[in-house]
Amino acid sequence: MVAKRAIDVGLKHSERSVDLINRTGEIVDRLNFLFTEDRSGLREAKFGIAHAGMGIAAAFGIDYLDDTVKTPEDVTWRLHLDFLGLVPKVDGDRHPLLSGPVPHDFGESFRALRTALVATGVSEPTHLLAVTSTQPLEGKTTTAVNVALSLAIGGARVLLIDADLRRPGQHKIFEMANEYGLSDAIEGKLPLHRAVQATSVANLDLLTGGNDINNPAELLSSRAFSELVQEARGIY
């Protein structure tokens, strides 16, 4: 009987040991699974931080390499020039003119631009302005004519010169003839005072582009053009 009891007790202890071992194995498996999950999550977090860092670096790199002008501050910072004014875009096929009805903010922007131009010439009055752009259809014609109008309306005597000899367009805005103009005056076909035409706006005269030519760049870089500009500065 004693031997049998000992065997029964031994069997029960063995069963408990096996059960404990099995449970311990399950716990270890669960811990390993949790540890693996935690490490996987840690790796994902590291990858996420790395990708975010790369995205920020790429954004700063693109911004550093971007040399386009988007804001008034870019004009001063990138071009090292004084910012004179900002003109809103006006949709439509016709050129908005200060001599007629225009949106309020459009008119105010050119009046502010006129004030800025006058202020920059306090110590030495500005007699010559050039309006240009990097591409066609960016508003050179509209800007030039309205700057001239704003100055003329303000009382200054102004000569508007259409130096876009490839596609002259100022005469169309004022509905004037272009039988002769700048190109003819540069080539010496007629004097400046005969090439200039008076517009319907007080204090504003126009020198149209003139007859078609094949060498506009050569004419505008010639000594004759420089002398013509100097002659105009002595009158206006």
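Only a predicted model underlies this, so the values are computations on that prediction, with no experimental measurement involved. (Residues numbered from 1 in each chain as written. Predicted model: local features only at pLDDT ≥ 70, side-chain atom pairs only at ≥ 80, totals over all residues. Heavy atoms only, no water.)

Caption draft 1: Structural detail: the sheet that holds strand E2 (residues 197–198). The mixed open sheet is built from 3 strands, whose spatial order is E1-E3-E2. The open sheet is flanked by strand E1 (158–161) and E2, the only strands paired with a single partner. Bridging between E2 and strand E3 (residues 204–207) involves 2 bridges; their strand directions are antiparallel. Bridge assignment links Ala-198 to a residue of E3, and that residue is Asp-205. (Pairing = 2+ DSSP bridges. Helix = DSSP H or I, 4+ residues; strand = E, 2+ residues; numbered from the N terminus.)

Caption draft 2: Just the packing of aromatic side chains, in detail. According to the stated counting rule, one finds 1 aromatic pair in the structure shown. In this structure, Arg-157 is placed above the aromatic ring of Tyr-236, and the distance from its NZ or CZ to the ring centre is 4.8 Å. (Phe/Tyr/Trp six-rings, centres within 6.5 Å; stacked < 30°, edge-to-face > 60°. Lys NZ or Arg CZ within 6 Å of the ring centre and 35° of its normal.)

Caption draft 3: Quick look at helix H3 (residues 104–120). For H3, with 17 residues, the first-to-last C-alpha span of 24 Å sits near the 24 Å given by 1.5 Å per residue. When we look at burial in H3, the residues that qualify are Phe-106, Gly-107, Ser-109, Phe-110, Leu-113, Ala-116 and Leu-117. Looking at the buried side of H3, the elements it contacts are helix H4 (140–153). (Expected span 1.5 Å × (residues − 1). Buried < 20%, exposed > 50% of the residue type's maximum accessible area, 1.4 Å probe, protein only. Contact = heavy atoms within 4.5 Å.)

Caption draft 4: Structural view of the environment of Pro-136. In this structure, Pro-136 sits in the loop between H3 and H4. Note on Pro-136: relative accessible area 58%, which makes it exposed. Between the C-alpha atoms of Pro-136 and Arg-167, which are 31 residues apart in sequence, the distance is 9.9 Å.

Caption draft 5: Fine view of a nonpolar patch on the surface. Together, Val-69, Leu-79 and Leu-81 line one region of the surface with nonpolar side chains, adding up to about 260 Å² of accessible area. Tracing the backbone shows Leu-81 in the loop between helix H2 (72–79) and H3. (Patch = residues over 30% accessible without salt bridge, like charges linked within 9 Å, V, L, I, M, F, W, Y side chains within 5 Å. Areas by Shrake-Rupley, 256 points an atom, 1.4 Å probe, with all protein chains shown as cover. Salt bridge = Lys/Arg side-chain N within 4 Å of Asp/Glu carboxyl O.)

Caption draft 6: Structural context of helix H9 (residues 223–233). Along H9, the residues that are buried comprise Phe-225, Leu-228, Val-229 and Ala-232. Along H9, the residues classed as buried sweep out an arc of 100° about the axis, all on the same side. For H9, the elements touching its buried residues are E1, helix H6 (182–186), helix H7 (192–195), E3 and helix H8 (216–220). (Arc of directions from axis to C-beta.)

Caption draft 7: Here's a closer look at the environment of Val-87. You can see Val-87 is positioned in the loop between H2 and H3. Distance in space between the C-alpha atoms of Val-87 and Gly-139 is 10.0 Å, their sequence separation being 52 residues. Discounting residues that sit within four places of it in the chain, Val-87 has contacts with Phe-106, Ser-109 and Phe-110.

Caption draft 8: Spotlight on the pattern of salt bridges. This model, assessed by the stated rule, comprises 3 salt bridges. Between Arg-223 and Glu-227 there is a salt bridge, with its nearest N and O atoms 3.1 Å apart. Taken together, the residues Arg-223 and Glu-227, both in helix H9 and 4 residues apart, mark about one turn of the helix.

Caption draft 9: How the structure looks around the packing of H3 against H4. Where H3 meets H4, the axes come as close as 9 Å, and the angle between the chain directions of the two elements is 70°. Judged by the angle between their axes, H3 and H4 are roughly perpendicular. Viewed along their axes, H3 and H4 form a crossing whose handedness is right-handed. For the pair H3 and H4, the contacting residues are Phe-106, Phe-110, Leu-113, Arg-114 and Leu-117 in the first and Thr-142, Thr-143, Asn-146, Val-147, Ser-150, Leu-151 and Ile-153 in the second. Class assignment of the residues belonging to the contact of H3 with H4 gives a composition of 7 nonpolar, 4 polar and 1 charged. (Axes fitted to C-alpha atoms, helices over the stretch in contact; angles between N-to-C directions. Parallel < 35°, antiparallel > 145°, perpendicular 65-115°, else oblique. Left-handed = near helix turned anticlockwise from the far one by under 90°. Nonpolar A, V, L, I, M, F, W, Y, C, P; charged D, E, K, R; others polar.)

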